[in-house]
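Each chain is listed here by its residues.
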Amino acid sequence: MWSQRDVVSYALQRRSTLEALRRPSRMLGRADACDADPMLVRAALHHGEHADRPCPICSVDHLLLLHYVFGEQLGQYSGRIKRTKELAEMQDEVGEFKVVVVEVCTECRWNHMIESFVLGDGVRRRPPRRQPTVEDIYG
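Residues numbered from 1 in each chain as written. Predicted model: local features only at pLDDT ≥ 70, side-chain atom pairs only at ≥ 80, totals over all residues. Heavy atoms only, no water.

A.B. asks: Before we go on, may I ask you to explain the overall build of the chain in this structure?
C.D. replies: In terms of helices and strands, the chain carries five helices and six strands. Its helices and strands in sequence order give the chain the pattern β-α-α-α-β-β-β-α-β-β-α, from N to C terminus. Taking the principal axes of its C-alpha atoms as reference, the chain extends roughly 55 × 40 × 25 Å. Taken over 139 residues, the chain has a buried fraction of 37%. Sequence separation of 24 or more characterises 63% of the internal contacts of the chain that already satisfy a separation of 6 or more. Accessible surface, the chain as shown: approximately 8800 Å² in total, 51% of it carbon and sulfur. Charged side chains in the chain number 20 positive and 20 negative. The centres of these two groups are separated by 2 Å. (Helix = DSSP H or I, 4+ residues; strand = E, 2+ residues; numbered from the N terminus. Buried < 20%, exposed > 50% of the residue type's maximum accessible area, 1.4 Å probe, protein only. Contact = heavy atoms within 4.5 Å. Areas by Shrake-Rupley, 256 points an atom, 1.4 Å probe, with all protein chains shown as cover. Lys, Arg positive; Asp, Glu negative; His and termini not counted. Charge placed at Lys NZ, Arg CZ, Asp CG, Glu CD.)

Here is the structure:
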């Protein structure tokens, strides 16, 4: 993506967590590391994109990536999950928004934030007009 900037990689934190799991002293148990919320696993099953690597814990090819988008210019659409194709389209339509990438294994429930970055063309825009939701209508 041409407008990607302010990239932050969480690879060192991920590696540290994996090393703590493999240490003989077992400073971190598998139940502590593989604790994905059921809603996160469900989101990964329905909206995740396959990663090009196996799960670091169970070595199964069920590792999925989720791309969460956040930003003032997104309005009520901030905090949603988007596919890579949608991110490429959004970078031309939104001035600036942050993308957080989370990997999730649907088999063993491993999850970890792997990177974050900012996308957008830099042109300041107003957020889209708020659309009524089901919660607004039915309370």
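Structure shown, so let's carry the discussion forward.
A.B. asks: Whenever I open this one, unusual backbone geometry confuses me. Can you help?
C.D. replies: Residues apart from glycine generally show negative phi values, whereas peptide bonds are mostly found in trans. Its identity is not glycine, yet Ser59 carries a phi of approximately 60°, on the positive side. Looking at the element boundaries, Ser59 is found in the loop between strand 2 (49-50) and strand 3 (63-70). Note on Ser59: relative accessible area 56%, which makes it exposed.

A.B. asks: Sorry if this is basic, but what is going on with the nonpolar core here?
C.D. replies: A general feature of soluble globular proteins is that nonpolar side chains tend to end up buried together. Grouped together as the largest cluster of nonpolar side chains are 22 residues, with contacts concentrated most on Val69, Phe97, Val99 and Trp110. At the level of elements, helix 1 (11-22), strand 3, helix 4 (84-93), strand 5 (97-105) and strand 6 (111-119) are the ones that each hand at least two residues to this core. Contacts of Trp110, omitting those with residues within four sequence positions, involve Arg14, Thr17, Leu18, Ala33, Cys34, Cys55, Pro56, Ile57, Leu63, Glu103, Val104 and Cys105. In this structure, Leu40, Ala43, Ala44 and Tyr68 belong to the second largest nonpolar core, which totals eleven residues. (Core = buried A, V, L, I, M, F, W, Y, C linked by side-chain atoms within 4.5 Å.)

A.B. asks: Even after reading the chapter, I still don't get the side chain of Gln91, so can you show me in this structure?
C.D. replies: Of note, Gln91 is situated in helix 4. The residues touching Gln91, leaving out its near neighbours within four places in the chain, are Met1, Trp2, Ser3, Phe97, Leu119, Gly120 and Asp121.

A.B. asks: Just checking my understanding: could you explain the pattern of salt bridges for this structure?
C.D. replies: A pair can form between side chains of opposite charge whenever their charged atoms are brought close. Under the counting rule described, the total for this entry stands at six salt bridges. Between Arg14 and Glu103 there is a salt bridge, with the nearest N and O atoms lying 2.5 Å from each other. Note that Arg14 is positioned in helix 1 and Glu103 in strand 5, a separation of 89 residues in sequence. The pair formed by Arg14 and Glu103 is uniform in burial state, with each residue classed as buried. (Salt bridge = Lys/Arg side-chain N within 4 Å of Asp/Glu carboxyl O.)

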